[in-house]
Structure formats: C-alpha cells, structure tokens
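Examination of the molecular architecture
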Amino acid sequence: MPLALLALAVGAFGIGTTEFVMMGLLPDVADDLNISIPGAGHLVSAYALGVVIGAPLLAAVTARMSRRTVLIGLMGLFVVGNALSALAPDNGWLLAARFLSGLPHGAFFGVGAVVAMNMVAPERKARSVSLMFLGLTVANVLGVPAATLMGQNLGWRATFLGVSAIGLAAIAALAFLIPHDHKHTTAQGLRGELAALRSLPVWLSLGTTVAGFGALFAAYSYITPMLTDAAGYAGASVTLLLALFGVGATAGNLLGGRLADHSLRGTLFGGLTALVAVLALFPLLMRTELTAAVAVTLLGMAAFATGSPLQLMVMEKASAAPSLASSANQAAFNLANAGGAWIGGLALAAGFGVTSPALAGVALAVLGLAVASLAYAVDRRRAPAAGRERIVASHVPQEAEAVHN
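Report on the accompanying structure.

Turning next to the overall build of the protein chain. Secondary structure assignment for the protein chain yields 15 helices and zero strands. Within the span of the protein chain, comprising 405 residues, buried residues form 54% of the whole. In the protein chain, 84% of the contacts between residues at least 6 apart in sequence involve partners at least 24 apart. As displayed, the protein chain offers around 16,800 Å² of accessible surface, 68% of which is attributable to carbon and sulfur atoms.

Shown next as structure tokens:
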C-alpha cells in the first residue's frame, strides 16, 4: 500500500477527533459560555449541518481542480475552522466556527477515497479506502479520549488548538506524499457532475448508508445510559468502554475493506446482517458488565465493516462523478447520525426502556438490508439490458461494412 495513504489517514484522524470530541466537552463549553447543556448540544448539530451542506457543494465546485490541491485546501479550511473555535468569544461565534469546521469533512473523505483508489491495483480498492478511514476509527480509540482529557485539564479551547495542529501536520503530509498527477478526469463541469447523481442505483446506495448507519447511531447515541443504567457501570468507566467501540470499529473497518475486495455486495449484506443480530441482542447483553463490553465492541465492528463497501459502491454507481458521489455518501452518513439519534430518542421518550434505542436500530438495519436488496435487484435487472446493448453495438460496424460492400 502506498505511503501516501498515511497522509489521508492523518487528515481523517484530525477530522474524526474534532467531530466526536464535542460530545465529551459539552459541560465544559456550557459552563464557560454560560449556556445550557441542550444549547451546547446545538454545536454538534452545527458541525453535522456543515458536513451535509459542504460535502456535495465543495466536491462539485472543485471538480476541475487537482485533487492534491483540493485536499490541501480542504484541510486548510479545517484548520481555520478549529482555530476560530478555540478563539470563539461567545456561543454564536462558536456555532459559526463549528459549521465552518464541518464544511470540508465530507469533501475530504470523498476526494480522498478517489485518490486512495487510484493509487492501488483494482483488486485493492476497498482496502485502500479502509486504510484512509482507519484514521477516523483510530480517532475514536486515541484522539477523542486524549482530546477530551486535554480539554478537561487545560480548557476546551486547548482541545481545538490541538486539533488545528493535527490539521497542519496533515497539510504537510499531503503536500509531501500525495502525487501531483491525481486530477479529476472529467471536464464536464458542475452540471455534468450533478447529472451523474440522477441514477437510481446511486440513490439506493445512499439510502442504504442512511438506514444502515442510522441503525448504529440510534443505539450509539444513547450508549452511556445503557451502560450505566442497564449494565451497572460507573460513569467514569464510560470513556474506556467508548474506546472499546473504537477498537471494534477499527477491526471492522479493516476486515470490511479486505473482504470487500473479494465480494463487495457479500460484505455489505454480511455486515448489515451482523448489525441486526448485535442490536437485537443488546437488551440481553446489557445485563452484565462483561457482556455489555462485548456488545459495545461488536457494535463498532459490525457497523464499520460496511463503511468501505458502501463508499466503494456509491463511487462505482456514479463513475462519471466519483468524488461528488463519495462526498454525498459522507453527507448521507451524517444524516444517518442525526436521524438515527432522533429515532432512538423517540423510542426512549415513549417509555420502552433504556435499551429500546437498540431495537429501533434493528428496524433501521432491516430497512438497510431491504434497500440493499432492492439495489441488487435493480442491478440484476439492468445487467441483461446492458449486455444486449454491448452486443448490438459490437455488430453495428460489421453490418455497416456489409452494406457498404
């Protein structure tokens, strides 16, 4: 695997850290800015909104630029957003800075996935994408706990300054390691890029992402009360358990990337099926501390085993605009974050019990399987038609030559 993938992983590590660290810093930020915890929670939403808006927009408007230049520019915007977060004098300023920090998130992963695929042989595409995403999963194991600890001891502003430093390191790595020849092959412009997203298979792939990862976030958003109220863990132990989730996610990401190079759709169906099983067992596994720790690890593994297959599938279905499609998939991931948390919260608010968000996740994972099955059926139906078109096209020159003679 090329060393340049390390540069992409460093950028992914910084992005993953700043995305998830805010959850652990909410009380500190709320106290410092004299706002409520729910008010501080809007900072998480502001970042997600930036991702959803910025992912397709920035990927589309930079379609004709060198991918290396785009990646460096996106990471520069990331550094500015986090530096402004550290300097924010009030909540309004911080909301705007968090929105700005989220803008380059999806486009970086989208363009980075295309660069990663172009640097390896076709049989290693999924593995290369999984290695880039390795930075995101490792951030949950090391980056988020370390950044949270820094914020609690040195102040939350120090955390965002530290994340900015990671961004600067990523810029240096991108400048030195990413080759100059990775450019968008299309010259069709913004209209052509957007036209590539009109395909039904593309939207079915994006729908699978929303449903599949929505299942994850329906449960993961409420993992702390499950661990404390159902499994009996002390609040101080939750950080370590969330690190176990990151370990599982890292293992699942690497395993999914390796398996997807052999069977893309088989890995996707297998990961979603495993996710259904893990979430269905959550109410039982959350009865003891040991089984709860196993459940958290398996949740990360099952969910992130589908990450690389979904990313690759979306890019293949929109081959005329892979960067835009890949970025749109990151927007879908963040929609899953928000939607899954909302649906899980509905189950909790309805009084179905502290583990009920996991069962809501089961329903979403089953929906993801249904959408993936529909996408498979559409592909099978279109394949014979595409084959007939190729056969007809191959005979046209011969027929024309016969008429001429």
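Next up on the list: the nonpolar core. Formed by 84 residues in total, the largest nonpolar core has its most connected members in Leu-8, Leu-216, Phe-282 and Met-286. Take this core: its biggest share by element is ten residues, from helix α4 (residues 91-118). Residue contacts for Leu-216: discarding those within four places in its chain leaves Phe-245, Leu-299, Ala-303 and Phe-304. With 15 residues, the next largest nonpolar core counts Leu-25, Leu-43, Ala-86 and Phe-160 among its residues.

In this fold, Gly-252 is placed in helix α10 (residues 238-260). The class for Gly-252 is buried, based on a relative accessible area of 0%. For the pair formed by Gly-252 and Ala-303, sequence separation is 51 residues and the distance between their alpha carbons is 7.4 Å. Among all residues touching Gly-252, those that are not within four sequence positions of it are Met-301, Phe-304 and Ala-305.

This part is about helix α12 (residues 289-304). In this model, α12 (16 residues) spans 23 Å end to end at C-alpha, consistent with the 22 Å of a helix rising 1.5 Å per residue. Of the residues making up α12, those classed as buried are Ala-292, Ala-293, Ala-295, Val-296, Leu-299, Gly-300, Ala-302, Ala-303 and Phe-304. Looking at the buried positions of α12, the neighbouring elements they touch are α5 (125-154), α8 (200-220), α9 (223-230), α10, α11 (264-285) and α13 (307-317).

Under the counting rule described, the total for this entry stands at nine aromatic pairs. Measuring from ring centre to ring centre gives 5.8 Å for Phe-213 and Phe-304, while their planes differ by 75°; the resulting arrangement is edge-to-face. With Phe-213 in helix α8 and Phe-304 in helix α12, the pair connects residues that are 91 residues apart, well separated along the chain. Residue classification places Phe-304 among the buried residues on the basis of a relative accessible area of 10%. Three or more aromatic residues joined by ring pairs form one cluster here, namely Phe-213, Phe-217, Tyr-220, Phe-245, Phe-304 and Phe-333.

Glancing now at the layout of surface pockets. In this structure, the largest pocket occupies an estimated 1,000 Å³ of space. Together, 35 residues line the largest pocket, and Phe-20, Met-23, Gly-24, Tyr-220 and Ser-221 are the ones closest to its centre. For the lining of the largest pocket, the secondary structure elements donating two or more residues are α1 (4-33), α2 (37-61), α5, α8, α9, α10 and α14 (322-349). At nine residues, the largest contribution of residues to the lining of the largest pocket is made by α2. Here the residues of the lining of the largest pocket are counted per class, giving 22 nonpolar, twelve polar and one charged.

Following the criterion strictly, the structure yields four salt bridges and no others. Residue Asp-32 pairs with Arg-157 through a salt bridge whose shortest N-O separation is 3.3 Å. Taken together, the residues span a long stretch of sequence, with Asp-32 in helix α1 and Arg-157 in helix α6 (residues 156-177) at a distance of 125 residues. In this structure Asp-32 comes out as partly exposed when scored by relative accessible area, which is 40%. By relative accessible area, which is 27% here, Arg-157 ends up partly exposed. One salt bridge connects Arg-265 with Asp-379, and the closest N-O pair in it is separated by 2.4 Å. Taken together, the residues span a long stretch of sequence, with Arg-265 in helix α11 and Asp-379 in helix α15 (residues 356-404) at a distance of 114 residues.

In this section: a nonpolar patch on the surface. Together, Leu-49, Ile-53, Leu-57 and Val-61 make up a nonpolar patch on the protein surface, roughly 350 Å² of accessible area in all. Among the secondary structure elements, Leu-49 is positioned in helix α2. Assessed through its relative accessible area of 46%, Leu-49 is described here as partly exposed.

Rules behind the numbers
- Residues numbered from 1 in each chain as written.
- Predicted model: local features only at pLDDT ≥ 70, side-chain atom pairs only at ≥ 80, totals over all residues.
- Heavy atoms only, no water.
- Helix = DSSP H or I, 4+ residues; strand = E, 2+ residues; numbered from the N terminus.
- Buried < 20%, exposed > 50% of the residue type's maximum accessible area, 1.4 Å probe, protein only.
- Contact = heavy atoms within 4.5 Å.
- Areas by Shrake-Rupley, 256 points an atom, 1.4 Å probe, with all protein chains shown as cover.
- Core = buried A, V, L, I, M, F, W, Y, C linked by side-chain atoms within 4.5 Å.
- Expected span 1.5 Å × (residues − 1).
- Phe/Tyr/Trp six-rings, centres within 6.5 Å; stacked < 30°, edge-to-face > 60°.
- 1 Å grid on protein atoms, 1.4 Å probe; cavity = no way out; pocket = protein on both sides within 12 Å on 5 of 7 lines; lining within 4 Å.
- Points joined across faces, edges and corners; volume = space filled by probe spheres on them.
- Nonpolar A, V, L, I, M, F, W, Y, C, P; charged D, E, K, R; others polar.
- Salt bridge = Lys/Arg side-chain N within 4 Å of Asp/Glu carboxyl O.
- Patch = residues over 30% accessible without salt bridge, like charges linked within 9 Å, V, L, I, M, F, W, Y side chains within 5 Å.

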